[in-house]
Amino acid sequence: MNPQATLIFITSLMLGTTITISSNHWIMAWTGLEINTLAILPLISKSHHPRAIEAATKYFLTQAAASALVLFSSMTNAWHTGQWDITQLTHPTSCLILTSAIAMKLGLVPFHFWFPEVLQGSPLTTGLILSTIMKLPPIALLYMTSPSLNPALLTTLAILSTALGGWMGLNQTQIRKILAFSSISHLGWMAIIIVYNPKLTLLNFYLYAVMTATIFLTLNTTKVLKLSTLMTAWAKAPSLNTMLLLALLSLAGLPPLTGFLPKWLIIQELTKQDMALTATLISLLSLLSLFFYLRLAYCTAITLPPHTTNHMKQWRTNKPTNVTIAILTTITIMLLPIAPMILTIV
C-alpha cells in the first residue's frame, strides 16, 4: 500500500479513537466510531485476496449494524430524558440496546462470529490493530456508562464469552483464529468487572493490549501464521521464540508473569462483591483457554518437528530484535512484582 495512504488511514484511526474517548455527546462518540470503521477497512482488504475482501465486508456490515444500534439507543434515551450526555444514559431500554451494540462492536458472545473470520482474513499488523486499538473506543463508552448498565446481562455475556472463547479455540490450527478466541475470552474478563470496578477493566485492557502486541509483532517478525510453521520457527530466531513462549504463558495468566495481575485483581473484586461463585466459574472456564495457550507454547519452543527430513529448515537471521518487541516483552513478563505501584497509579 502507498505510504501516504497508510499514513492517512492510521491518522484517521487515531483521530476516530480520540474523538470517541474524549466526547461527552453521543453524536460525537458515534462519529468517532464511524471514522474508525472506515479507516480500518482499506487496511483489512489491502492484500486484495478474496478472503481479505470477505473479511472487510463482514467487518463493515457488523460495525454498521452496531453503530446504528448505538445511535438508536442514544436517540431513545434523548427522547425519554432530553439528555444527549453519554454519562446520563438512564433509560433501561437504552441501556440494554447499548450493551448489545457494544457487545457487537467488541465481539462478545453471542455477537462474536465475525471476529475470528475477520482476523483470519487480515494481515498480522492489521490483526493487531483490530485486537487492541479498535477495542478501546467501545470499552471507553462502556466505562462512561458503567453506572447505568445491567449487571446481570453483562455477567451473563462475560461468562458465555469466557466459555466459548476457550472452547472454540481448542481445535484451531490457524494462529490468528486462536488469538481471536483468546481476545473473546479476555473480553469476558473485562465485561464481568465493568459495573463493579471500571478501572480494573481499563487496567485489564491495557495489559491485554501490551501482551497481544508482543505476540503479534513476534509472529510478524518470524512470519508465522499456522501451528505447523510455528514448529520450525525456532531455527530462525531462538531467543525471540523463547520470549514468545513466556509471552503466551503471560497471556494465559500464569502466576509469576504480568497476565496473572488483572485476573487476580478481578477475582479479588468479585469476591468482595459476594460473587464468589461467579469468580470460581470464570476461573474454571479460563482453564479452557489455558489449554490452547499451552499448545501454542509447546509448539513454539518445546517440540522438534517429528520428521526433520520433511520440513524445510529456516535460515537463522542475524538481525537484532526490534526494540519495540524487546520493551513490550519485558512489560509482558516482568510487571507482577510492581503490582502495588501500578494499583496506586490506577
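From a predicted model like this one, the values you see are computed outputs, not experimental measurements. (Residues numbered from 1 in each chain as written. Predicted model: local features only at pLDDT ≥ 70, side-chain atom pairs only at ≥ 80, totals over all residues. Heavy atoms only, no water.)

## Some thoughts on the packing of helix 9 (residues 175–193) against helix 14 (residues 276–302)
What counts, and what does not: Each axis is a line fitted through C-alpha atoms, and for a helix only the stretch in contact is used; angles between axes span 0 to 180 degrees, taken between their N-to-C directions. Strands are runs of DSSP state E lasting at least two residues, helices are runs of H or I lasting at least four, and both sets are numbered from the N terminus onward. In these notes the angle categories are as follows: under 35 degrees is roughly parallel, over 145 is roughly antiparallel, 65 to 115 is roughly perpendicular, and the rest is oblique. Crossings are sorted by hand: turned counterclockwise from the far helix by less than a right angle, the near helix makes the crossing left-handed, and turned clockwise it makes it right-handed. In what follows, a contact means two residues having at least one pair of non-hydrogen atoms within 4.5 Å. Residue polarity follows a fixed list, in which Ala, Val, Leu, Ile, Met, Phe, Trp, Tyr, Cys and Pro are nonpolar, Asp, Glu, Lys and Arg are charged, and the others, Gly among them, are polar.
In contact at an axis separation of 11 Å, helix 9 and helix 14 are set at 160° when each is read in the N-to-C sense. On the basis of their axis angle, the class for helix 9 and helix 14 is roughly antiparallel. The handedness of the crossing between helix 9 and helix 14 comes out as left-handed. Judged by residue contacts, Ile175, Ile178, Phe181, Ser182, Ser185, His186, Gly188, Trp189 and Ile192 of helix 9 engage Thr278, Ile282, Ser283, Ser286, Ser289, Phe292, Tyr293, Arg295 and Leu296 from helix 14. Among the residues making up the contact of helix 9 with helix 14, the classes are represented as nine nonpolar, eight polar and one charged.

## Focus: the UniProt feature "transmembrane region" (unreviewed entry) in the protein
What counts, and what does not: UniProt positions are given in the numbering used here, feature names are shortened, and annotations may be inferred rather than shown by experiment.
Here, UniProt's "transmembrane region" (unreviewed entry) annotation points to residues 56–76, 96–115, 152–171, 178–196, 202–219, 240–261, 281–304 and 325–345. The span residues 96–115 is 65% helix and 0% strand, and its two end C-alpha atoms sit 22 Å from each other. Across residues 152–171, helical content stands at 85% and strand content at 0%; the span's end C-alpha atoms are separated by 30 Å.

## Thoughts on the side chain of threonine 99
Keep this limit in mind: The buried label goes to any residue with under 20% of its type's maximum accessible area, the exposed label to any with over 50%, and the partly exposed label to all in between, with areas taken from a 1.4 Å probe on protein chains only.
One can find threonine 99 in helix 4 (residues 92–106). Classification of threonine 99 as buried rests on a relative accessible area of 3%. If we ignore the near neighbours within four places in the chain, the residues touching threonine 99 are Leu149, Leu153, Leu154 and Leu157.

## Re the pattern of salt bridges
Our working rule: We count a salt bridge whenever a side-chain nitrogen from Lys or Arg sits within 4 Å of a carboxyl oxygen from Asp or Glu.
Overall, the coordinates contain three salt bridges when judged by the stated rule. When the shortest N-O distance is used, the salt bridge between glutamate 117 and lysine 58 registers 3.8 Å. Note that glutamate 117 is positioned in helix 5 (residues 114–121) and lysine 58 in helix 3 (residues 50–81), a separation of 59 residues in sequence. Residue glutamate 117 is classed as partly exposed on the basis of its relative accessible area of 31%. The partner of glutamate 117 in a salt bridge is lysine 177, with the nearest N and O atoms 3.4 Å apart. Remark: lysine 177 occurs in helix 9 and glutamate 117 occurs in helix 5; sequence separation between them is 60 residues. Given the relative accessible area of 17%, lysine 177 is considered buried. Bridged by salt links that share partners, the residues Glu54, Lys58, Glu117 and Lys177 form one connected network.

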